[in-house]
Each structure stands twice: as C-alpha cells, then as structure tokens.
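If you want the building blocks of each chain, they are given just below.
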Amino acid sequence: MSASQRQETEGYGHRRWVKSTHFIITLSFLVLTVSGYVILMSHPRLYWGKAGNDLTPALFELPVSRNYHHGGWEKSVPFKNLTGKQVSAVRTYDIFNENGWGRSTHFLGAWFLVATGLVYLIAGFFSGHFRYKLAPKKGEFNFKALWADFRSHFRKKTYYPGKYGVLQKFSYLFVIFFLFPIVILTGFTMSPAITASYPILLKIFFGHQSARTIHFFSSVLLVLFLVVHVIMITVAGFRRNLRAITFGK
Amino acid sequence: MKEKRLMDRRKAIFTGLTSAGALLLSGCLKKAPPTYGNILRMGDGLTYLAQRGLLSQRALAMEYQKSDITSFPVTDIGNPADPASKNAYSKTYQELQSNNFKDWSLSIEGSVKKPGKYTMDALKKIGERTQITRHTCEEGWSAIAEWTGVPLGAVLTDAGILPGARYVSLYGFDRYAESIDMLDAFHPQTILAHTMNGESLPARNGAPLRLRVETQIGYKSVKFLQRIVVTDKFVDPNSDITGGWSWYTGI
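These lines cover the structure that appears in this document, whether it is placed above or below. (Residues numbered from 1 in each chain as written. Chains lettered and ligands numbered in written order. Predicted model: local features only at pLDDT ≥ 70, side-chain atom pairs only at ≥ 80, totals over all residues. Heavy atoms only, no water.)

## A word on the packing of aromatic side chains
All names here are of chain A.
Here's step 1: This model, assessed by the stated rule, comprises 26 aromatic pairs over all chains.
Here's step 2: Summarising the aromatic geometry, the rings of Trp 17 and Tyr 120 are spaced 5.7 Å apart at their centres and angled 55 degrees between planes, so their arrangement reads as tilted. Taken together, the residues span a long stretch of sequence, with Trp 17 in helix H2 (residues 16-42) and Tyr 120 in helix H3 (residues 99-126) at a distance of 103 residues. Side by side, Trp 17 and Tyr 120 carry an identical accessibility label, which is buried.
Here's step 3: Aromatic pair Phe 60 and Phe 217: ring centres 5.8 Å apart, planes at 55 degrees, arrangement tilted. A residue pair is termed long-range when its members are at least 10 positions apart, and Phe 60 in strand E2 (residues 60-61) and Phe 217 in helix H9 (residues 208-245) qualify at 157 residues.
Here's step 4: Three or more aromatic residues link up through ring pairs in this structure, and these residues are Trp 17, Tyr 120, Phe 125, Phe 130 and Phe 177.
Here's step 5: One Lys or Arg, Lys 133, reaches over the ring of Tyr 164 and ends 5.4 Å from the middle of that ring. (Phe/Tyr/Trp six-rings, centres within 6.5 Å; stacked < 30°, edge-to-face > 60°. Helix = DSSP H or I, 4+ residues; strand = E, 2+ residues; numbered from the N terminus. Buried < 20%, exposed > 50% of the residue type's maximum accessible area, 1.4 Å probe, protein only. Lys NZ or Arg CZ within 6 Å of the ring centre and 35° of its normal.)

Shown next as structure tokens:
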C-alpha cells in the first residue's frame, strides 16, 4: 500500500463490529430478496384485508410468473348455508411453486438478519454509534439543511470525510428504525403460530393479507435503498468506501 | 512486563459461553426433526425449537366473525374419487363416497391403549368445537371458513395414548399424509372437521373428515382422513423433509 493510499483510508475505516454486522446483514438481505421473490412468484397477487385468494378480488397482480393471471378453475360451487357470495372452486392447472426451498431459505436468511440486527442495535446504542454518527446534530434537523444537502448531491459535493451527511443520516435512520422493523414484523404477522401468541400483530397491520402487501412494499423500498446506497458509494469513491466497510483500517 | 497467559479472562468467558451454547443447541436439536445435514432443514429445526420455546403453546389462533368468511380455493394434489387423478385416486374412497360415506370409519392405531375404528357417530359423541379460522397456504393466499369438528386431543384421549407417544401421523385417502407433535395434536383448535360453513364437508374440501391445524400452514391439514397412527418416534409420512419441504410450518 502506497503512502497516498494509506492516507486515503486512514480515519474512515468503520469499526470492526460495524463491518461484520454490515457484511452479514448485506448477505442475508440478498438471500431474503431472492427467496422472497421466489415466494412471490408462486402467488403474485396482493390483497388488502384479513384474507385473500384467487377467488376473491385482488388489490393488484404482478406479471412475475406463469401464475400471473391464474389459469383454469373448475365451475365454482357456492356454500349453500352462507348468505354471501362465497364459493369454492378447484384449481385445474399446475402452478409454478418453488416454495419448498424458497420458504426455508427465506426463514434461514431471516434468522441471520434478525440475530445480527439485534447485535447491531445493542452495539449501536451502547457504543454511542447511533448518538454520535447517526443522530442529526443541532441545526441539521430543519428543512433548510435538508434542502441544501439535497442540492449538493447534484453538484458532486457529497463527500463528508469521516461523517455522514444529513440526508444520509435520515435515510439510514429510516432504514434501521422503520423499514427493517416493519418488514420483520409484517413477516411475523404472516405466521399462524406467532399470531396465535401475538394477535395484536394482525390488528396493527390490518390482517394477514394486508401484512403481506406491506411486507412487499417495504421490501421494495429496501431494494430501492440498496440501489441508491450503491450509487452514492460509487459516486463518492467506490474503492475507498468498499475498503472502509471491509478491510480498511 | 505483560504476563503471558494461555487465556485471558475475556477469552475464557467467551469460550465458556460458546461451548455452553453449542452444548445446549446440540441437546435441543435432538428434539427437532432430523435434518439429514441439510442447512435449510437446520433452519427449519431452529424455527421449530424457537417457536416451541418462545411462544405460548395454548394460545388460540385468531377466530373471525361470520361476515369475514371468504371464498375457498381447492388446490390440493387431486380428487381421490376420480380415476383421472392418478396419484390421488383410491378405489376404496370412490366406493365409500358413492354410498355417501355410510361405511366410512376412522382407524386409530399405534401407541394407544385401544386401537380400533371410529364411525362418524362415535367420533361426534366424543366432542364438538366450532371455529371461524384462517387457512394460510404456503403459496401465499389465505381463506376464512367456519369449521365444526371433534377436537383431536379428545379423540386421542378416548383412544388412550400411551406414555411414550410423541407424534401423530394422519393419512388421507388421496395418499397425502402429515405428522404433528403432541403439542399441536392437543391444541384446542386442532380438530377433525366434519362440517364446513354449516354444511357437511364438501367433497373437494376433504369429505368426510379432515384435519384442521390452525397454528400451522395449510399443507399440514390433511384431507379425506383414513387413519391416524400415534408413534413414539418421529415419522414423516409424506417425506416432507427428504422431499425438500419443512416439516414444521408455524411460519
């Protein structure tokens, strides 16, 4: 390593626990995104409410597998003792379904994410990482500062040596304390065993299918965050930032 | 000068905790279903142990109002009464159905004091529970229906399970089968349902009797029940685990 390179990394390397938790969370997030997509492919319809299926109206459908615009169904039979229009019908076509490994991979990834996420939260609180690096400082928490920071992103003046920008702080806080908790809790809300013990989850997220829909949208936002995150890193110096979060001292 | 030690205090605490954790984990994993060295099945095993250890095992799944009942798709492996359903077809079942299940009975075998056959009338005398619950399919959809049936725990008590009994396997006429542990078998909402939405169980919803396990994903709720086998050892009658699926589906 030449002297100039050393100078470049010096002082910007993240702490060791930040690096290792960041690494595990990144890997689990990628595993969760891929397996989550595979799970979505077997039923690419989303609903709002307590329950929803091919025989009930969808909020929207996604053209992501051959299950999109579901194929054939036998003639539907109404339940004769119900006053509503509820029916039963038999599916006659073979669907795409890779949930055997899709689901178990998703939950394995979730175990790593939740366990590492907890370590990250505890370390973040007790080491002062959240207080000193992520919490907005006095004078940062106003529209003017945010607007100035936003505009500076288009003038390539986005590099703050050793500290985070205001927008950067807000997006990290939003991801850590809002999106990840929501995506995990809505995941729990889809579990029949967990909601038996904690039925409040079904109330908070408006039911099983609403939770599934919220889970979908929050994961879309997380993927968007990932994309923007990687773009910003690349703009600010991909090699230096990558060194700082991996092997940089 | 710094004293050289084999191990400092921090290292000793860390090593101690990790080994204790590893011992505990390996002890616990013996209670989980076999993994055959598959990392996905290890994750499933961890989920099983965590849900058994951290959740209330008597808590009831959400019960809904009559107005919440939805349409109910049938997406199973086939119709046991239809010869065209190659893998699911059963001649015996077809004959039972043509006689409106008058000759049907449920066989209870294995680690029970009095193994034998239960007719529908005999089962109905054991007990009754009605619940409006949500069926959650692994595919992603869900449906709400009202079920009336006999609590499985009451049936097992009537047959007199032996002290060593730990698992209950349920076999359907469509050659589908699943096993559950005693905690789920004795869960108050685990019922053998004979009535759905106020009518006797419609043909394709699992007539004449089907299992409802409300704390697990839909594929555990075996339809077209033929026999129940109580076992001391873990059995996986549908080969969920070797077939690449999770045996326990609390999530």
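Moving on from the model shown.
## Brief notes about the interface of chain A and chain B
Here's step 1: Each side of the interface is counted separately: chain A has 48 residues, and chain B has 51 residues.
Here's step 2: Each partner contributes to the roughly 4100 Å² buried at the junction of chain A and chain B, and carbon and sulfur atoms together form 59% of this total.
Here's step 3: On inspection of chain A and its partner chain B, the count reaches three salt bridges.
Here's step 4: One salt bridge connects A:Lys80 with B:Glu199, and the closest N-O pair in it is separated by 3.6 Å.
Here's step 5: Applying the counting rule to chain A against chain B returns 28 residue pairs in polar contact (both at pLDDT 80 or more).
Here's step 6: When contributions to the side of chain A that touches chain B are tallied by element, the ones reaching two or more residues are H2, strand E4 (87-90), H3, helix H7 (192-197) and H9 of chain A.
Here's step 7: For the side of chain A that touches chain B, the element with the highest residue contribution is H3(A), accounting for nine residues. (Contact = heavy atoms within 4.5 Å. Buried area = accessible area lost by both parts, 1.4 Å probe. Salt bridge = Lys/Arg side-chain N within 4 Å of Asp/Glu carboxyl O. Polar contact = N/O pair within 3.5 Å; in protein donor to acceptor, adjacent residues only side chain to side chain.)

## Details of the environment of A:Phe29
Here's step 1: Mapped onto the secondary structure, A:Phe29 falls in helix H2.
Here's step 2: With sequence-adjacent residues up to four places away left out, A:Phe29 is seen in contact with A:Phe180, A:Leu222, A:Val223 and A:Leu226.

## Some remarks on the pairing of strand E4 (residues 129-136) of chain B
Residue and element names in this part refer to chain B.
Here's step 1: Burial runs high along E4: six of the eight residues are buried.
Here's step 2: As defined by bridge partners, E4 adjoins strand E5 (residues 142-151) across eight bridges and the pair is classed as antiparallel. The residue bridging Ile 132 from the neighbouring strand is Glu 146, located in E5. (Pairing = 2+ DSSP bridges.)

## Regarding the pairing of strand E6 (residues 167-172) of chain B
Side chains on a regular strand alternate between the two faces of the sheet.
Residue and element names in this part refer to chain B.
Here's step 1: Along E6, five of the six residues are buried, which leaves the element largely enclosed by surrounding structure.
Here's step 2: Direction of pairing for E6 relative to strand E7 (residues 177-181): antiparallel, over a ladder of five bridges. Residue Tyr 171 lies in a different strand from E7, and its bridge partner there is Ala 177.
Here's step 3: In textbook terms, the turn of a hairpin is the stretch between consecutive antiparallel strands, and for E6 and E7 this stretch comprises four residues, one of which, Arg 175, has a positive phi near 70 degrees.
Here's step 4: Alignment of E6 against strand E11 (residues 225-231), held across six bridges, turns out to be antiparallel. If you follow Ser 169 over to E11, its bridge partner there is Val 229.

## A word on empty space enclosed by the protein
Here's step 1: Tallied over the entire structure, the rule returns five cavities of 30 Å³ or more.
Here's step 2: Approximately 90 Å³ is the volume attributed to the largest cavity.
Here's step 3: As for the largest cavity, its lining consists of A:Ala193, A:Ala196, B:Gln51, B:Arg52, B:Leu55, B:Ser56, B:Gln57, B:Ala59, B:Asp184, B:His187, B:Thr215 and B:Tyr248.
Here's step 4: Of all the secondary structure elements, the ones that give two or more residues to the lining of the largest cavity are H7 of chain A together with helix H2 (39-54) of chain B. (1 Å grid on protein atoms, 1.4 Å probe; cavity = no way out; pocket = protein on both sides within 12 Å on 5 of 7 lines; lining within 4 Å. Points joined across faces, edges and corners; volume = space filled by probe spheres on them.)

## Remarks on the layout of surface pockets
Empty pockets left among the atoms are what a rolling probe the size of a water molecule brings to light.
Here's step 1: Estimated volume of the second largest pocket: approximately 1200 Å³.
Here's step 2: For the lining of the second largest pocket, the secondary-structure elements that each account for two or more residues are H2, H3, helix H6 (166-189) and H9 of chain A together with H2 of chain B.
Here's step 3: The element that contributes the greatest number of residues to the lining of the second largest pocket is H9(A), accounting for eight residues.
Here's step 4: Grouping the constituent residues of the lining of the second largest pocket by class yields 32 nonpolar, 11 polar and four charged. (Nonpolar A, V, L, I, M, F, W, Y, C, P; charged D, E, K, R; others polar.)

## Some thoughts on the sheet that holds E6(B)
Residues and elements named next belong to chain B.
Here's step 1: Spatially, five strands are ordered E3-E2-E11-E6-E7 in an open sheet, and the strand pairing comes out mixed. Strands with a single pairing partner mark the edges of an open sheet, and in this sheet they are strand E3 (116-119) and E7. Adjacent strand axes in the sheet meet at a mean angle of 20 degrees, parallel and antiparallel pairs treated alike.
Here's step 2: Sheet strands touched by helix H5 (residues 152-159): strand E2 (105-110), E3, E6, E7 and E11. Its angle to E3, the strand with the most contacts, is close to 135 degrees. (Axes fitted to C-alpha atoms, helices over the stretch in contact; angles between N-to-C directions.)

## Things to note about the pattern of salt bridges
Here's step 1: Scanning the entire structure with this criterion turns up 19 salt bridges over all chains.
Here's step 2: Measuring nitrogen to oxygen at the nearest pair gives 2.9 Å for the salt bridge that ties B:Asp68 to A:Lys50. In this pair, B:Asp68 is assigned in the loop between H2 and strand E1 (72-74) and A:Lys50 in the loop between strand E1 (45-46) and E2, connecting two distinct chains.
Here's step 3: By relative accessible area, which is 15% here, B:Asp68 ends up buried.
Here's step 4: Put simply, B:Glu63 and B:Arg129 hold a salt bridge, and the shortest N to O gap is 2.9 Å. Of the two residues, B:Glu63 sits in the loop between H2 and E1 while B:Arg129 sits in strand E4, which places them 66 residues apart along the sequence.
Here's step 5: Among the charged side chains, a network of salt bridges with common partners joins A:Arg45, A:Asp54 and A:Glu61.

## Overview of the environment of B:Leu106
Residues and elements named next belong to chain B.
Here's step 1: The residue Leu 106 is located in strand E2 in this model.
Here's step 2: Leu 106 sits in the buried class, given a relative accessible area of 0%.
Here's step 3: Taking the C-alpha atoms as reference, Leu 106 lies 26 Å from Cys 137; in sequence the two are 31 residues apart.
Here's step 4: In this view, Leu 106 contacts Gly 116, Lys 117, Tyr 118, Leu 123, Leu 192, Leu 209, Leu 225, Gln 226, Arg 227 and Ile 228; residues no more than four positions away in its chain are not counted.

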